[in-house]
Amino acid sequence: MKNKIKNFLIIANYSKKGAVEAAETVARYIRERGLQATLSISDDDTPGGLIREELIKDAECAVVLGGDGTLIRAVHTTRKHPVPMVGVNFGTTGFLTDVDIEDIKTMINRLIEGDYDTEERMLLSGTVGGVMEDRMLALNDIVVARSNALRLIALKIFVNGQFFDEYEADGVIVSTPTGSTGYNLSAGGPVVNPKTNLIVITPISPHALAKKSVVFDADDKIEIVIMAKRKNQGDGALVSFDGYENIDIGVGDVVDIRRSRHFVTLLRFSDVNFYERLRKKMG
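Residues numbered from 1 in each chain as written. Predicted model: local features only at pLDDT ≥ 70, side-chain atom pairs only at ≥ 80, totals over all residues. Heavy atoms only, no water.

A word on the overall build of the protein chain
Phase 1 of the analysis: Secondary structure summary: the protein chain contains six helices and 17 strands in total.
Phase 2 of the analysis: The C-alpha atoms of the protein chain give a radius of gyration of 20 Å, which matches the 19 Å a tight globule of 283 residues would have.
Phase 3 of the analysis: Its C-alpha atoms give the protein chain principal-axis dimensions of roughly 65 × 40 × 35 Å.
Phase 4 of the analysis: Considering only residue pairs separated by 6 or more positions, the protein chain has 69% of its internal contacts joining residues 24 or more positions apart.
Phase 5 of the analysis: When the accessible surface of the protein chain is split by element, carbon and sulfur atoms take 47% of a total near 13,700 Å². (Helix = DSSP H or I, 4+ residues; strand = E, 2+ residues; numbered from the N terminus. Rg over C-alpha atoms; globule rule 2.2 N^0.38 Å. Contact = heavy atoms within 4.5 Å. Areas by Shrake-Rupley, 256 points an atom, 1.4 Å probe, with all protein chains shown as cover.)

Comments concerning the packing of aromatic side chains
Phase 1 of the analysis: What the rule picks out here adds up to five aromatic pairs.
Phase 2 of the analysis: Geometrically, the ring pair formed by phenylalanine 158 and phenylalanine 163 is edge-to-face, given 5.8 Å between the ring centres and 70° between the ring planes.
Phase 3 of the analysis: On the basis of relative accessibility, which here comes to 22%, the residue phenylalanine 158 falls in the partly exposed class.
Phase 4 of the analysis: Through a chain of ring-to-ring contacts, three or more aromatic side chains come together here, namely Phe95, Phe274 and Tyr275.
Phase 5 of the analysis: The ring of tyrosine 29 carries arginine 33 above its face, with NZ or CZ at 3.5 Å from the centroid. (Phe/Tyr/Trp six-rings, centres within 6.5 Å; stacked < 30°, edge-to-face > 60°. Buried < 20%, exposed > 50% of the residue type's maximum accessible area, 1.4 Å probe, protein only. Lys NZ or Arg CZ within 6 Å of the ring centre and 35° of its normal.)

Regarding the confidence of the model for the protein chain
Residues shown with low pLDDT carry predicted positions that ought not to be read at fine detail.
Phase 1 of the analysis: Residues of the protein chain with pLDDT of at least 70 account for 93%, and the chain-wide mean is 91.
Phase 2 of the analysis: When pLDDT is averaged over each element of the protein chain, strand β13 (residues 214–217) comes out on top at 98 and helix α6 (residues 274–282) at the bottom at 79. (pLDDT = per-residue confidence, 0-100.)

A look at the pairing of strand β11 (residues 171–175)
Here is the key point about a regular strand: its side chains alternate between the two faces of the sheet.
Phase 1 of the analysis: Within β11, five of the five residues are buried, leaving the element largely enclosed by the surrounding structure.
Phase 2 of the analysis: The side-chain alternation of β11 yields two buried faces, one formed by Gly171, Ile173 and Ser175 and the other by Val172 and Val174.
Phase 3 of the analysis: For strand β8 (residues 141–146) and β11, the ladder comprises five bridges, and the chain directions are antiparallel. Paired with alanine 145 across the bridge in β11 is glycine 171.
Phase 4 of the analysis: Summarising the sheet, β11 and strand β12 (residues 198–204) pair through five bridges and their orientation is antiparallel. By the bridge assignment, valine 172 is partnered in β12 with proline 203. (Pairing = 2+ DSSP bridges.)

Overview of unusual backbone geometry
Phase 1 of the analysis: For asparagine 160, which is not glycine, the phi dihedral falls at a positive 55°.
Phase 2 of the analysis: Within the secondary structure, asparagine 160 sits in the loop between β9 (153–159) and β10 (162–169).
Phase 3 of the analysis: With a relative accessible area of 43%, asparagine 160 lands in the partly exposed category.
Phase 4 of the analysis: Even without a glycine there, the phi angle at serine 205 is positive, about 45°.
Phase 5 of the analysis: Note on placement: serine 205 falls in the loop between β12 and β13.
Phase 6 of the analysis: With a relative accessible area of 48%, serine 205 lands in the partly exposed category.

Overview of the environment of glutamine 162
Phase 1 of the analysis: One can find glutamine 162 in strand β10.
Phase 2 of the analysis: Judged by its relative accessible area of 56%, glutamine 162 is exposed.

Looking at the nonpolar core
Phase 1 of the analysis: One finds Phe8, Val63, Leu65, Val86, Met107, Ile108 and Leu111 to be the most contacted residues of the largest nonpolar core, which totals 30 residues.
Phase 2 of the analysis: Looking at this core, the elements that each hand over two or more residues are β1 (7–12), α1 (19–31), β3 (61–66), β4 (85–89) and α4 (104–113).
Phase 3 of the analysis: With eight residues, α1 is the largest single contributor of residues to this core.
Phase 4 of the analysis: Setting aside its immediate chain neighbours within four residues, phenylalanine 8 contacts Ile30, Leu35, Gln36, Ala37, Thr38, Cys61, Val63, Ile108, Leu111 and Ile112.
Phase 5 of the analysis: Counting residues in each nonpolar core, the second largest holds 29 residues, with Met122, Ile153, Ile201 and Ile249 among its members. (Core = buried A, V, L, I, M, F, W, Y, C linked by side-chain atoms within 4.5 Å.)

Observations concerning the sheet that holds strand β16 (residues 245–249)
Phase 1 of the analysis: With antiparallel pairing, the six strands of this open sheet are ordered in space as β13-β12-β11-β8-β15-β16. Two strands in the sheet have a free side with no partner beyond their single neighbour: β13 and β16. Across the sheet, the mean angle separating the axes of adjacent strands is 20° when strand polarity is ignored. (Axes fitted to C-alpha atoms, helices over the stretch in contact; angles between N-to-C directions.)

Overview of the environment of leucine 50
Phase 1 of the analysis: With respect to the secondary-structure elements, leucine 50 resides in the loop between β2 (36–40) and α2 (53–56).
Phase 2 of the analysis: Linking leucine 50 and threonine 176, residues 126 residues apart in sequence, is a C-alpha distance of 23 Å.
Phase 3 of the analysis: Contacts of leucine 50, omitting those with residues within four sequence positions, involve Asp45, His76, Thr77, Arg79 and Lys80.

So this is what it looks like as structure tokens:
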């Protein structure tokens, strides 16, 4: 039995049909039980990309209504005040969202009673020397990609200070176990259990058939250096953190990636394990 939740933050993806109405219904249901429920349902609630202090400061749990993308965005908007999260799915089956909308009241009752499980997910931390002052976090992946749609970029990969490989490609994906079912999978990378702690590097459309994904220890330190090799190669690139924040970079910039000391706590209710969820999702 876990802590009984008494103070809820309800985050809704206002672009999902019915999500805001569902959030208001959930908040009313919680308040009728004499508990606290605060709503974050518009961009006005996240000025500068962070949820307003007064909305989140006392929250014990965030109920996120939308889908996997909404939950990932919630991780970023709450990064100054991280809270345990549970995802409520609208639409297609997700890997992160654990509850279907028709089961939401049952879920709230279980949270109130402390009848749930917890699952910690590792995060990546990344920065670019001379471009970014602060390190950014990623639950899914950090992607370094070309900014010119028609030209490859050249990248050198260093692991723990030692040269590892060089890619001429559309880019490279540095993925967490959670992100292995996202862009990494689309690019031909492996799927790994999200409870593990490791880092996957997958080149995006490499200009060499032998370039494949590689799995690294979670504590390995990855550096990606933007190189210039050919006249017809592009110099422009960008680094993307979960697709939530994109930063322009160029030749000579070094993207430093490592495991974050922080993590995301997901609240779980389903008896369906990851492998069953994977089987259903993959058909």
